[in-house]
Amino acid sequence: MQNLISMKPVSFRLMLSSLLLLVTARVSDGTDTFEQCTVKLENEPGECYGSYAKAVEPTLSPVHLKDLPGFTRSLYKRNYALITPESHVFSPLPGWQETTAAYLITPATGSHFSMYLAKMGAGASSGLPAIDAERFIFVLEGSLTLLEDSEDLQVDSFVYLPPNITHTLQCDTHATILVFEKRYHRITDENPSLIVGRTCNQPILATPGEVFVLRKLLPTSKEYDFNIHVMDFAPGDFLNVKEVHYNQHGLLMLEGHGIYRLGDDWYPVHAGDAIWMAPFVPQWYGALGRTRTRYLLYKDVNRDPLLNFN
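Residues numbered from 1 in each chain as written. Predicted model: local features only at pLDDT ≥ 70, side-chain atom pairs only at ≥ 80, totals over all residues. Heavy atoms only, no water.

**Quick look at the sheet that holds strand 18 (residues 274-277)**
And then number 1: Taken in spatial order, the seven strands of this open sheet run 1-2-18-15-20-14-13, and their pairing is antiparallel. Only two strands of the sheet have a single neighbouring strand rather than two, namely strand 1 (75-77) and strand 13 (213-216). Ignoring strand direction, the axes of neighbouring strands in this sheet form an average angle of 15°.
And then number 2: Pairing between strand 14 (residues 226-233) and strand 20 (residues 293-300): eight bridges, direction antiparallel. Of the residues in strand 20, the one forming a bridge with F233 is T293. (Pairing = 2+ DSSP bridges. Helix = DSSP H or I, 4+ residues; strand = E, 2+ residues; numbered from the N terminus. Axes fitted to C-alpha atoms, helices over the stretch in contact; angles between N-to-C directions.)

Set out below in structure tokens:
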């Protein structure tokens, strides 16, 4: 671990390239086929996830770190942050009942949105976001109900709630959810609609030049000022484009593990890790291991970058 931490960027890039080439070669030549080669990245219609166990209950103290008290992979820099599960601090969530939350991204980092994990116990209910704030909820564990629509939300379900809409989420047993909130930036007279869905029922979209599987959870029409992408990578797959763009990101690793490039640095990441990416930070991902990677990604869209998002 100490050698990995201290490794120079050039050496680490060479090591990563070798790892990815090794995985690709062993899969393509058929002589040493890994289990993950047969993993489906496209769910059958109606086939939805039953658990994101590794994201909800990650391994906080790996054996190889037992002699490094005080060590954390979490870090915060000017244009990105990596928040790992051993750093989560849960506390009561104002306005919510029987619920604690750990904020992963807030405007204090430089973002124009908030992203937090909320753990709801038996009898829990939600509060309302700030005035003019929109809310997106993704279910990671358990189940809950959106009372206004009598919708039962299971793992892999999501809800988009437009700004200033009265709503209540109620939990009878327990649930862990990921929540995004931001102040809505209106540019049209059309209002965004309340949306309830499941990831597995969203269409798979074309990604020319890329190999990952992409689903968008929200409409792409201009009344929506952000979208949520769910992206799947087979082991050995990686982003072709080394992205640099004005859009901000908030990311939660749902499954699998790999290497994320942020700026000039390279970080091992796995299920349960959260990442904030500011505008124009170089970013790239390569999937490693024996299981697929799935991550959920916030991205602001449909707005002129000259506008003030705060």
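**A closer look at the nonpolar core**
And then number 1: Core analysis: the biggest nonpolar cluster contains 32 residues, and M115, F136, F138, L140, L178 and F180 have the highest contact counts within it.
And then number 2: If we ignore the near neighbours within four places in the chain, the residues touching L140 are Y52, V56, L117, V155, T176, I177, L178, L252 and L254. (Core = buried A, V, L, I, M, F, W, Y, C linked by side-chain atoms within 4.5 Å. Buried < 20%, exposed > 50% of the residue type's maximum accessible area, 1.4 Å probe, protein only. Contact = heavy atoms within 4.5 Å.)

**Notes on the side chain of T176**
And then number 1: Structurally, T176 is set in strand 11 (residues 175-183).
And then number 2: The exposure class assigned to T176 is buried, which follows from its relative accessible area of 5%.
And then number 3: Polar contacts involving the side chain of T176 include one to the side chain of E141, which spans 2.7 Å.
And then number 4: The residues contacting T176, other than those within four sequence positions of it, are V56, A118, K119, F138, V139, L140 and E141. (Polar contact = N/O pair within 3.5 Å; in protein donor to acceptor, adjacent residues only side chain to side chain.)

**Quick notes on the confidence of the model for the protein**
And then number 1: Summarising the model, the protein shows a mean pLDDT of 86, and 81% of its residues fall at 70 or more.
And then number 2: Every residue in residues 1-14 scores below 50 in pLDDT, and together they form 15 contacts with partners more than four places removed in sequence or on other chains.
And then number 3: Counted against residues more than four places away or in other chains, residues 21-40, with its pLDDT under 50, gives 18 contacts. (pLDDT = per-residue confidence, 0-100.)

**What about the sheet that holds strand 16 (residues 257-262)?**
And then number 1: Across the sheet, which stays open at both edges, the three strands sit in the order 17-16-19 with antiparallel pairing between neighbours. Single-partner strands in this sheet number two, and they are strand 17 (265-270) and strand 19 (283-288). Taken over all neighbouring pairs, the strand axes of this sheet differ in orientation by 25° on average, direction set aside.

**Quick notes on the pairing of strand 12 (residues 195-198)**
And then number 1: Residues I195 and G197 line the buried face of strand 12, whereas the alternating positions V196 and R198 sit on a face that is not buried.
And then number 2: The pairing of strand 9 (residues 157-161) with strand 12 spans four bridges and is classified as antiparallel. Across the sheet, S157 pairs through a bridge with R198, a residue of strand 12.

**Details of unusual backbone geometry**
Apart from glycine, the bulk of residues carry a negative phi angle, and the bulk of peptide bonds sit in the trans form.
And then number 1: A positive phi is found at E98, a non-glycine position, where the angle reads about 55°.
And then number 2: Within the secondary structure, E98 is located in strand 4 (residues 97-105).
And then number 3: The class for E98 is exposed, based on a relative accessible area of 56%.

**Thoughts on the layout of surface pockets**
And then number 1: Reported here for the second largest pocket is a volume of approximately 320 Å³.
And then number 2: Along its surface, the second largest pocket is lined by 20 residues, and S114, A130, A133, E181 and K182 are the ones closest to its centre.
And then number 3: Of all elements in the fold, only strand 5 (114-125), strand 6 (133-142) and strand 11 reach the threshold of two or more residues within the lining of the second largest pocket.
And then number 4: Per-element accounting of the lining of the second largest pocket gives the leading share, three residues, to strand 11.
And then number 5: Of the residues that constitute the lining of the second largest pocket, the class distribution is 12 nonpolar, four polar and four charged. (1 Å grid on protein atoms, 1.4 Å probe; cavity = no way out; pocket = protein on both sides within 12 Å on 5 of 7 lines; lining within 4 Å. Points joined across faces, edges and corners; volume = space filled by probe spheres on them. Nonpolar A, V, L, I, M, F, W, Y, C, P; charged D, E, K, R; others polar.)

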